[in-house]
There are 2 protein chains.
Amino acid sequence: MSQPESPTATQPVIILTRPQMGDNIGAAARAMLNFGLTEMRIVDPRDGWPNPRAVAMASGAAGQVLDRARVYPTLAEAMEGVTYAFATTARGREMTKPVFTPATASAHGRAEIEQGGRVAFIFGPERAGLENDDIARANAILTVPVNPDFPSLNLGQAVLLLGYEWTQNRLPPQPMPTARRPAGEVAADRIEIEKLADHYEAKLDEAGYFFPPEKAPPMKLNLRNLWSRMALTRADVQVLHGMLRQLTRR
Amino acid sequence: MSQPESPTATQPVIILTRPQMGDNIGAAARAMLNFGLTEMRIVDPRDGWPNPRAVAMASGAAGQVLDRARVYPTLAEAMEGVTYAFATTARGREMTKPVFTPATASAHGRAEIEQGGRVAFIFGPERAGLENDDIARANAILTVPVNPDFPSLNLGQAVLLLGYEWTQNRLPPQPMPTARRPAGEVAADRIEIEKLADHYEAKLDEAGYFFPPEKAPPMKLNLRNLWSRMALTRADVQVLHGMLRQLTRR
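What counts and how
Residues numbered from 1 in each chain as written. Chains lettered and ligands numbered in written order. Predicted model: local features only at pLDDT ≥ 70, side-chain atom pairs only at ≥ 80, totals over all residues. Heavy atoms only, no water. Salt bridge = Lys/Arg side-chain N within 4 Å of Asp/Glu carboxyl O. Helix = DSSP H or I, 4+ residues; strand = E, 2+ residues; numbered from the N terminus. Buried < 20%, exposed > 50% of the residue type's maximum accessible area, 1.4 Å probe, protein only. Domains from an automatic or database assignment. Pairing = 2+ DSSP bridges. Contact = heavy atoms within 4.5 Å. Axes fitted to C-alpha atoms, helices over the stretch in contact; angles between N-to-C directions. Core = buried A, V, L, I, M, F, W, Y, C linked by side-chain atoms within 4.5 Å. pLDDT = per-residue confidence, 0-100.

This part is about the pattern of salt bridges. Evaluation of the coordinates by the stated rule reveals 25 salt bridges over all chains. The residue Glu39 of chain A makes a salt bridge to Arg70 of chain A at a minimum N-O spacing of 3.3 Å. One end of the pair, Glu39 of chain A, is in the loop between α1 (22-34) and β2 (40-43); the other, Arg70 of chain A, is in strand β3 (residues 70-72), and 31 residues separate them in sequence. Here Arg70 of chain A falls in the partly exposed class, since its relative accessible area comes to 33%. The salt bridge involving Lys220 of chain B is made with Asp205 of chain B; its shortest N-O contact spans 3.8 Å. Of this pair, Lys220 of chain B sits in helix α9 (residues 216-229) while Asp205 of chain B sits in helix α8 (residues 190-206), and the two are 15 residues apart along the sequence.

Below, the structure is given as structure tokens:
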């Protein structure tokens, strides 16, 4: 059924149905390749095929996506080998099909592929979008949740968002980033932070900073807290020592 | 600090830094409005402002985003009122800052806003991207995970993906990965951080700290990055000013 021998069989197929502008076909190819998708199928392109405008827009590596694209006279034929297809349309609510966002469609599509299936995302012509007859061939609807007062996404943007979601979902869940340090740099340890705090406290004391005397303890505590919160590297600590030495040089 | 009275105070600010092509500014405005974002700030646009190409590209409702956009001579000034800023760059790994994806940055940004902060996403010029000097003013890095063999996202696409993630609102707000501010304290805004950095830079310059002269630029950049990483409160900034004044009193 599907093409398990193909290197792209684990990827979704992107089907552009009756696309009008070569520029948009090229932009879709770029958007696909941005997220590592390479299998494009094109149904009955208005300006024929190959399309020089598409090639110009997809300059560089994305040209390979166009070179490998297959062209079909009808959507039905373009769905060769596909086991589950999402039709991209803003009119999901009228349809008796499940409606997915890019995120849920990607998760669902991946599950389909894991079961040996082949997944397609179908995009319509720029101006009018997919017709009911096209949508009838899909298992489900894909709708990008956009601002209802300004819902205009072009073809390249719709493909981009789908490609983005597809790829994000494939990545393992990412840990929340913590403060990063440059390669080779090391977090300051607590003793270094203590010594830094001591150094500042001593010099500020000499300079008469902790005044009036009854406020000195909370002021010192506040400073200690400040150094501790800073996620300093060992190099940062040296910089802060150096600044202070220079500032207090007689 | 922030502008709690503004209807857009719960939205991130989108800052375009030295954008080159009017078309791209217009495309960014469209991408913002697709996801309901309306506050654009523009730093030193190459072709001046207003830009007829931007207006033509942002036809329709997106023109209002451009009408309301504010233009600033420098990134520092454009960060007025901002308490937490993400710099969009593919060069995250070289930096000593936390690196976020659009998804984690959105979750983090929402948490910052819930604490009363004001969030900005900074995008660079089309060709060269943000410079180190720009990135030094941000608290963290935003990197879109793309195919390393074809990583070319244009300005409009980068804004689109960020806007999409911001709106999807899928992840629960996550705790600050580095420093948390004490409860009830207010984040310093970027202008306060700029002035703090300027104050230290000036006094350290007087003290002969930036030596030898050819090392002064990287030393200054390093210090700017240090202040940006510190998650300082408004009170912290006052403490740091006070320390410096006292240390440099003759």
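A word on the domain arrangement of chain A. How big an interface is tends to be stated in terms of the accessible area lost upon association of its parts. Structurally, chain A comprises domain 1 (13-170) and domain 2 (190-247). Computed over C-alpha atoms only, the centres of domain 1 of chain A and domain 2 of chain A are separated by 58 Å.

What follows deals with the sheet that holds strand β1 (residues 13-17) of chain B. Each strand in a sheet pairs with another by means of backbone hydrogen bonds, the pair being arranged parallel or else antiparallel. Residues and elements named next belong to chain B. Strand order in this open sheet of seven strands is β3-β2-β1-β6-β4-β7-β5, and the pairing throughout is parallel. Sheet topology places β3 (70-72) and β5 (99-100) at the edges, where each strand pairs with a single neighbour. Here helix α1 (residues 22-34) sits on the sheet and contacts β1 and β2 (40-43); the angle it forms with β2, its principal contact strand, is near 160 degrees. Of the strands in this sheet, β4 (84-88), β5, β6 (119-123) and β7 (140-142) touch helix α5 (residues 102-114), which is tilted by about 165 degrees from β4.

Moving on, we get to the nonpolar core. Counting 76 residues, the largest nonpolar core has Met40 and Phe121 of chain A together with Met40 and Phe121 of chain B as its most contacted members. Aside from chain neighbours lying at most four places away, what touches Phe121 of chain B is Pro12, Val13, Ile14, Ile15, Phe86, Ala105, Leu142, Leu162 and Trp166 of chain B. In terms of nonpolar packing, the next biggest core, distinct from the first, is built from 42 residues, Ala197 of chain A together with Ala188, Ala197 and Val237 of chain B among them.

All names here are of chain A. In the predicted model, chain A carries a mean pLDDT of 85, and 86% of its residues have values of at least 70. Ranking the elements of chain A by mean pLDDT puts helix α9 (residues 216-229) last with 82 and β2 first with 98. Confidence drops under pLDDT 50 across residues 1-5; counting only partners more than four residues distant or on other chains, this segment forms eleven contacts. When the criterion is pLDDT under 50, residues 172-182 qualifies, and its contacts beyond four places in sequence or with other chains add up to 30 contacts. As scored by the predictor, the complex reaches a pTM of 0.80 and an ipTM of 0.78.

With an omega of -5 degrees, the peptide bond running from Trp49 of chain A to Pro50 of chain A counts as cis. Along the polypeptide, Pro50 of chain A turns up in the loop between β2 and α2 (52-57). Here the bond from Phe211 of chain A into Pro212 of chain A is cis, since omega is 0 degrees, no more than 30 degrees from zero. Within the secondary structure, Pro212 of chain A sits in the loop between α8 (190-206) and α9. One non-glycine residue, Arg18 of chain B, lies in positive phi territory at about 45 degrees.

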